[in-house]
Amino acid sequence: MLTVHSTLPADSFSLSFSQNMTNNLFQNRFAERDQLSNLSFYMDKNFSRLSLFAEGKYSYLFENSNLAYYTQDAGLDYIYPIDEKSAFYFSVAGRGIFYRSEYSDFNYLSANFFAAFKSYLSQTSILKSNYSLDYKNYRDSVFDFISHSLMVSFDKYFQTKTTLKGEIDWGYKYFFSPYVYDEVLTAETNTNSMGGKGKGNAHGSYQYVYQTKSQADGQGIQVFSLSGWIAQGLGNKIGLRFSGMRQWVLSGQNPFFFIEEFYMVENPSYDRFSWEGYQLGSQLTLLLPWNIQLKLGYTMANKEFPGIENLDLEGNPLGIIRKDKRKQIEVTTEKSFPRFSVFVSYFYVQNSSNDLYFDWNGHYFSVGIEWNIPLGAKQ
Amino acid sequence: MKRKADVILLMILLLVSLPSFGQKTGHFYNVDQEIRIEGKIQKIVMEPRYKDNSPFLIVTLEEKDTKKLYTVEISPVGFFDQDFHKGEHLIVTGSLTSSGEKEMNIIAREVQSKGETFILRDKHGFPTWRGGKGLMGRKGKRKGKRF
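Bear in mind that the values here come from a model prediction, so they are computed numbers and not experimental data. (Residues numbered from 1 in each chain as written. Chains lettered and ligands numbered in written order. Predicted model: local features only at pLDDT ≥ 70, side-chain atom pairs only at ≥ 80, totals over all residues.)

**Details of the overall build of chain A**
Here is step 1: In terms of regular secondary structure, chain A is built from 0 helices and 19 strands.
Here is step 2: For chain A, buried positions account for 33% of its 379 residues.
Here is step 3: Long-range pairs, those at least 24 residues apart, make up 56% of the contacts in chain A with a sequence separation of at least 6. (Helix = DSSP H or I, 4+ residues; strand = E, 2+ residues; numbered from the N terminus. Buried ≥ 20, exposed ≤ 12 C-beta atoms within 10 Å, placed from the backbone. Contact = placed C-beta atoms within 7 Å.)

This is the structure we're talking about:
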């Protein structure tokens, strides 16, 4: 065949499965056990310098099967070299998430544009920058938003096997219409002390509900952060890293009165735009015998949520801003075989909050396998 | 008649050789030529390797014991995924595609650095790196890290 010298560098297809177990699915003081199974595929196909990729994932919850969901991503990317030390990377991607009945308000379609630049200023220092544009259109339009993120980082490697890195991030998120209109108010509607209105929260229940504020509270949130880390190689098979990050909300605040975060579920009102504070972390990576990779990590965070008022366990506002302190321990091990890789991970999270509902801790255990199936040219 | 046959033969040879334009002879992953080396990075560049395709991250490695220089092909997206620096220690497993020259060329299958392992190809040499999603943090999601 004439195609024996195919110029395609990679056409890959992989299947992965993971089983996740937790004793606190909804991450609040009323801990609820569940198991979550993820089955996903990933594929990409290269056409010249353009690469098309697609990924689908089905997640099934055993105890809360009405929260099962499917995620589909698809997109294309392109690398544009400037010279032998610098290049641009561009990608355009779309995503759809489809939850079953309990979470169907969170079904969304989204579009993302991502541009990155990387340049070796010298053989030991790297300048990186990227910009990301996200648009998400939810089934319940109160969550619809567009966001912009810009990042610039610089790192320097020293002959002592030490790497220093500094990073600046800026982000802006704009909710198009985070207000509940009269026609969607239901029997569970509350009027709160700040004069806003919306669906009442359901402390003690797993069902996601939300409250929104009056229009005067604004729709845009602007955040800025500084972060850095120092990494040290210890011998040839051990890496140690200490990191720190400080984030400020420059303008705006969360338009929702009540936010929650659930294990493995993306929440539009609880993301990097919802808090200010700091985070410190440390990570040890080791290469063990038989090429087993082990990661040990510890992270602590101190976060304040502008615009999010504390509620008592009956859902009454207490007039103070929610503050959380979180400690997290992580142990992850991974082993790669010729055609597949397996991993086991464990996380312990302890979240102390001045809102008693969010004073919680949880254990998270995952085990998974990823199987790579070659489709393209070997070269 | 013979002249016509010569022209057809010439065209066939031309067609066969076109797709391999830009590649060195024998430039493919040969499992029988697999080696494992350890050394320090001497140079990092992004360089075209295959016609009409994205350039590859190429690392020049000085072998620890013999001080020989190896040119190691990482991957196209590797330029953005991995932040290697001159002086860093790497352990590379891959296929030797040329020898006897001043620098020997290796197509990398697995790279180890700072306690981490990067799998670039399966044991038969089929690429396993991924496109754009690799830059968007998907690895963390896969391991259930969303708190």
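**Re the overall build of chain B**
Here is step 1: Check the secondary structure of chain B and you find 3 helices and 6 strands.
Here is step 2: Going through the 147 residues of chain B one by one, you find that 39% of them count as buried.

**Comments concerning the confidence of the model for chain A**
Residue and element names in this part refer to chain A.
Here is step 1: Within chain A, residue pLDDT values average 84, and 84% of them lie at 70 or more.
Here is step 2: Across residues 1–9 the pLDDT falls below 50, and counting only partners more than four positions away or on other chains, this stretch makes 21 contacts in the model.
Here is step 3: Across residues 182–209, confidence stays below pLDDT 50; counting only partners more than four residues off in sequence or on other chains, it has 52 contacts. (pLDDT = per-residue confidence, 0-100.)

**A few points about the environment of S336 of chain A**
Here is step 1: Tracing the backbone through its elements, the reader meets S336 of chain A in strand β17 (residues 317–336).
Here is step 2: Given 21 C-beta atoms within 10 Å, S336 of chain A falls into the buried group.
Here is step 3: Counting along the chain gives 219 residues from S336 of chain A to F117 of chain A, while the straight-line C-alpha distance between them is 30 Å.
Here is step 4: Beyond its immediate chain neighbours, meaning those up to four positions away, S336 of chain A contacts N291 and S341 of chain A together with T117 and I119 of chain B.

**A look at the pairing of strand β14 (residues 238–251) of chain A**
All names here are of chain A.
Here is step 1: Alignment of strand β13 (residues 220–234) against β14, held across 13 bridges, turns out to be antiparallel. Its bridge partner being in β14, Q222 is matched across the sheet by S251.
Here is step 2: In this antiparallel pair of consecutive strands, β13 and β14, the connection spans 3 residues, and G235 shows a positive phi of 70°.
Here is step 3: Relative to strand β15 (residues 276–288), β14 is paired through 10 bridges, and the arrangement is antiparallel. Along β15, the bridge assignment pairs I238 with L286. (Pairing = 2+ DSSP bridges.)

**Regarding the nonpolar core**
Here is step 1: L57, V59, L61, V72, I74, V92 and A108 of chain B are the most contacted members of the largest nonpolar core, which totals 32 residues.
Here is step 2: Elements represented by at least two residues in this core include exactly β5 (86–99) and β6 (108–122) of chain A together with β1 (34–47), β2 (56–63), β3 (69–73), α2 (78–81), β4 (89–98) and β5 (103–113) of chain B.
Here is step 3: Element by element, the count of residues in this core is highest for β2 of chain B, at 5 residues.
Here is step 4: Excluding residues that lie within four positions of it along the chain, L57 of chain B makes contacts with M46, I74, S75, G78, F79 and Q82 of chain B.
Here is step 5: Counting residues in hydrophobic clusters, the runner-up holds 11 residues, among them F305, I308, Y357 and W360 of chain A. (Core = buried A, V, L, I, M, F, W, Y, C linked by C-beta atoms within 7 Å.)

**Things to note about the pairing of strand β2 (residues 34–47) of chain A**
On a regular strand, each side chain points to the face opposite its neighbour's, so the side chains alternate between the two faces of the sheet.
Residue and element names in this part refer to chain A.
Here is step 1: Bridge count for strand β1 (residues 12–22) against β2 is 11 bridges, and the pairing is antiparallel. In the strand pairing of β2, F13 is matched with M43.
Here is step 2: Sheet analysis places β2 next to strand β3 (residues 50–61), joined by 12 bridges and oriented antiparallel. Its bridge partner lying in β3, F47 is registered against L50.
Here is step 3: Between β2 and the antiparallel strand that follows it, β3, lie 2 residues; S48 among them carries a positive phi value of about 55°.

**Describing the confidence of the model for chain B**
All names here are of chain B.
Here is step 1: Summary statistics for chain B give a mean pLDDT of 75 and a share of 67% for residues scoring 70 or more.
Here is step 2: Confidence drops under pLDDT 50 across residues 13–25; counting only partners more than four residues distant or on other chains, this segment forms 14 contacts.
Here is step 3: Segment residues 136–145 is flagged for pLDDT under 50; beyond a separation of four residues in sequence, or across chains, it makes 17 contacts in the model.
Here is step 4: Across the whole predicted complex the pTM is 0.82, and at the interface the ipTM reaches 0.79.

**Describing the environment of T285 of chain A**
Here is step 1: Residue position: T285 of chain A is located in strand β15.
Here is step 2: We classify T285 of chain A as buried; it has 22 C-beta atoms within 10 Å.
Here is step 3: Expressed as a C-alpha distance, the spacing of T285 of chain A and N28 of chain A, which sit 257 residues apart in the sequence, is 31 Å.
Here is step 4: Sequence-distant contacts of T285 of chain A, defined by excluding residues within four places in its chain, comprise G239, Q293 and K295 of chain A together with K114, G115 and E116 of chain B.

**Considerations on unusual backbone geometry**
Here is step 1: Of note, N291 of chain A is a non-glycine position whose phi angle comes to about 60°, a positive value.
Here is step 2: As for its placement among the helices and strands, N291 of chain A is situated in the loop between β15 and β16 (292–311).
Here is step 3: The partly exposed category is assigned to N291 of chain A, around which 16 C-beta atoms lie within 10 Å.
Here is step 4: The backbone of K67 of chain B shows a phi angle near 65°, a positive value even though the residue is not glycine.

**What about the environment of K303 of chain A?**
Here is step 1: Note on placement: K303 of chain A falls in strand β16.
Here is step 2: Counting along the chain gives 28 residues from K303 of chain A to W275 of chain A, while the straight-line C-alpha distance between them is 6.0 Å.

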